[in-house]
Number of protein chains: 2
Amino acid sequence: MAKDKADLLQGTLDMLILKALSLGELHGYGIIQRIRQLSDEMLNVEQGSLYPALYRIEQKGWVSARWDVHDTGREAKFYKLTRTGRKQLETQEASWDRLVLAIAKVRQATT
Amino acid sequence: MAKDKADLLQGTLDMLILKALSLGELHGYGIIQRIRQLSDEMLNVEQGSLYPALYRIEQKGWVSARWDVHDTGREAKFYKLTRTGRKQLETQEASWDRLVLAIAKVRQATT
DNA sequence: TATGATGCCTACCGATTCTAGGTATCACCA
DNA sequence: TGGTGATACCTAGAATCGGTAGGCATCATA
């Protein structure tokens, strides 16, 4: 893995997954690709992180899943954002913004 | 605890501590106060998070510690950023910036 | 035929933060 | 004097969560 690929901070993965799905239904493997692509290759979600996360998120009711066949003729499990999930995305984005702002404030401080 | 106080994400605490110490030597309790103050009360580091973190950071050589008496006449353990610690702060800030940028990119995406 | 990409999954590890407790000193006020 | 709250340190344990490393199957392509 390239050095410039940052490890995620704990707590950001859910938001990224929800965001990826907010752009449209997608299967797991595709979520990884979409996040990588949207972030200009800066974010690389590992499969071992994604699938457990998807399971968690589904349990919480933020996404719904169904098996389907896509264009290429292959089967895959498609995830879709629920209404609750969309709300959750907004909440998490707001939290993220707050945190980024707060940390920026601390970093502005000068000697 | 007020609702608007964000929980930290794992990985951000070290950076905040190092940043607080980059403004000058300080004892543990004071670090908590300084972070809270600089962030406009948005960030509240728990003691149970701070002290173990300080121990870790000291082990890594990013800070040095010594017991001393401060103005009020009370004893406290004062932490000081080492040269390595200052480098580490820069590294962590750069990582943070990269992550914030990457996530911003993902969030820019529209349907 | 073998390799790499696609696509799913699990088990376990490691790191880190929080909760909840403990101790002690000191200032202040009833 | 006694109690409370702030200051100041610490630890144990729980919980969370992302990563590593494995497994399995299909498909296209070299």
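Analysis parameters
- Residues numbered from 1 in each chain as written.
- Chains lettered and ligands numbered in written order.
- Predicted model: local features only at pLDDT ≥ 70, side-chain atom pairs only at ≥ 80, totals over all residues.
- Heavy atoms only, no water.
- Near = heavy atom within 4 Å.
- Polar contact = N/O pair within 3.5 Å; in protein donor to acceptor, adjacent residues only side chain to side chain.
- Phe/Tyr/Trp six-rings, centres within 6.5 Å; stacked < 30°, edge-to-face > 60°.
- Helix = DSSP H or I, 4+ residues; strand = E, 2+ residues; numbered from the N terminus.
- Buried < 20%, exposed > 50% of the residue type's maximum accessible area, 1.4 Å probe, protein only.
- Contact = heavy atoms within 4.5 Å.
- Buried area = accessible area lost by both parts, 1.4 Å probe.
- Salt bridge = Lys/Arg side-chain N within 4 Å of Asp/Glu carboxyl O.

**Q** Which parts of the structure should I look at to understand the protein's contact with DNA strand D?
**A** In the neighbourhood of DNA strand D, 24 residues make up the surrounding shell, with Ser-49 and Arg-56 of chain A together with Tyr-29, Gln-47 and His-70 of chain B lying closest. The share of sugar and phosphate among atoms of DNA strand D within 4 Å of the protein is 64%. At 3.5 Å from a phosphate oxygen of DNA strand D is found a side-chain nitrogen or oxygen belonging to Gln-33 of chain B. Here a base oxygen of DNA strand D and a side-chain polar atom of Arg-74 of chain B are 2.8 Å apart.

**Q** Hey, could you run me through the packing of aromatic side chains in this one?
**A** Geometry of an aromatic ring pair is reported as the spacing of the ring centres plus the angle between the planes. Under the definition given, this model contains 1 aromatic pair over all chains. Between the aromatic rings of Trp-96 of chain A and Trp-96 of chain B, the centroid separation amounts to 5.6 Å while the plane-to-plane angle is 45 degrees, which identifies the pairing as tilted. Residue Trp-96 of chain A is found in helix 4 (residues 83-108), and its partner Trp-96 of chain B is found in helix 4 (residues 83-108); the two belong to separate chains. Residues Trp-96 of chain A and Trp-96 of chain B agree in their burial class; the two are buried.

**Q** What's the story with the interface of chain A and chain B in this structure? I'm lost.
**A** Each partner contributes to the interface: chain A provides 33 residues, whereas chain B provides 33 residues. The contact between chain A and chain B buries some 3,200 Å² in all, and 72% of this surface belongs to carbon and sulfur atoms. With a shortest N-O distance of 2.9 Å, Asp-97 of chain A and Arg-107 of chain B are connected by a salt bridge. Run the count over chain A and chain B and you get 11 residue pairs in polar contact (both at pLDDT 80 or more). At the level of secondary structure, the elements contributing two or more residues to the side of chain A that touches chain B comprise helix 1 (13-22), helix 2 (28-38) and helix 4 of chain A.

**Q** Before we go on, may I ask you to explain the environment of Thr-84 of chain B in this structure?
**A** All names here are of chain B. By the element assignment, Thr-84 lies in helix 4. Along the sequence, Thr-84 and Pro-52 sit 32 residues apart, while their C-alpha atoms lie 19 Å from each other. What Thr-84 contacts, discounting residues up to four positions off in sequence, is Gly-61 and Trp-62.

That is the geometry; function is a separate question.
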